[in-house]
Amino acid sequence: TLQVTELFASIQGESTWAGCPCGFVRLARCNLRCAWCDTTYSYGPGATMTLPEIVEAVKRWNLPLVEITGGEPLLQSATPRLASLFFQAGFTVLVETNGSLPIDVLPEGVIRIMDIKCPDSGMHENMDRRNLEVLTPRDEVKFVLASRADYTWALDLARQQNLAQRCGAVLFSPAAGRLSPATLAGWMLEDCPPARLQLPLHKYIWPGRDRGV
């Protein structure tokens, strides 16, 4: 079983899959407390569901893409098995993780989207840097940036670790209410970083709506 905060169908708002209809499985509980977190409602326990119940619920939407997110999905030991069941059922499977726990527990074929925490999050020292060594061209990394200092830190890490060659995409995303997209875009035009600008598409489609999107 897994503790589930919510299940919903939406438009994928982030990653290179942005814009695609997607089924979401938001799992409960998180081991980090990022300063800009917009899903604090997932911190507590959720509803207990069996893995087959979750898979069948998502199948009803007839969407080929599914994302397992949180909270932090890798806190629950059954998450890799759920990802495997989705993959076996023919889904394209995304798993978004905060990078603090080993990502190599996920089955081959799953697309791992690792959110690398920057200093302004207050959680950057919790990142498991060993995860950088196991990234593949199938995976993606995301930096949520709240300041110029965050941007410089992320740019240095992306270049030092050669992330653009290790994984399929490096994404720079402005923290809502803390860094304007135009400001971040200007910095990126100046520096030509090995990254692409990412805006949370779902927040523009459904402004002010926090859940179910």
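Residues numbered from 1 in each chain as written. Predicted model: local features only at pLDDT ≥ 70, side-chain atom pairs only at ≥ 80, totals over all residues. Heavy atoms only, no water.

Draft legend 1. Focus on the pairing of strand 8 (residues 169–174). For strand 8, a buried count of 6 out of 6 residues is recorded, marking the element as mostly surrounded by other parts of the structure. Alternating residues of strand 8 divide into Ala169, Leu171 and Ser173 and Val170, Phe172 and Pro174, and every residue in both groups is buried. Where strand 7 (residues 140–145) meets strand 8, 6 bridges bridge the pair, whose relative direction is parallel. Note that in strand 8 the partner of Val141 across the bridge is Val170. Sheet topology note: the strand 8/strand 9 (residues 196–197) ladder contains 2 bridges and is parallel. Looking across to strand 9, one finds that Phe172 is bridged to Leu197. Taken together, strand 8, helix 5 (residues 181–191) and strand 9 constitute a β-α-β crossover, and its handedness is right-handed. (Buried < 20%, exposed > 50% of the residue type's maximum accessible area, 1.4 Å probe, protein only. Helix = DSSP H or I, 4+ residues; strand = E, 2+ residues; numbered from the N terminus. Pairing = 2+ DSSP bridges. Right-handed = clockwise from strand over helix to strand, strands pointing away.)

Draft legend 2. Expanded view of helix 1 (residues 51–59). Within helix 1, the full set of buried residues consists of Leu51, Ile54, Val55, Ala57 and Val58. Each buried residue of helix 1 lies within a common arc of 160 degrees when the element is viewed along its axis, so the set occupies one face. (Arc of directions from axis to C-beta.)

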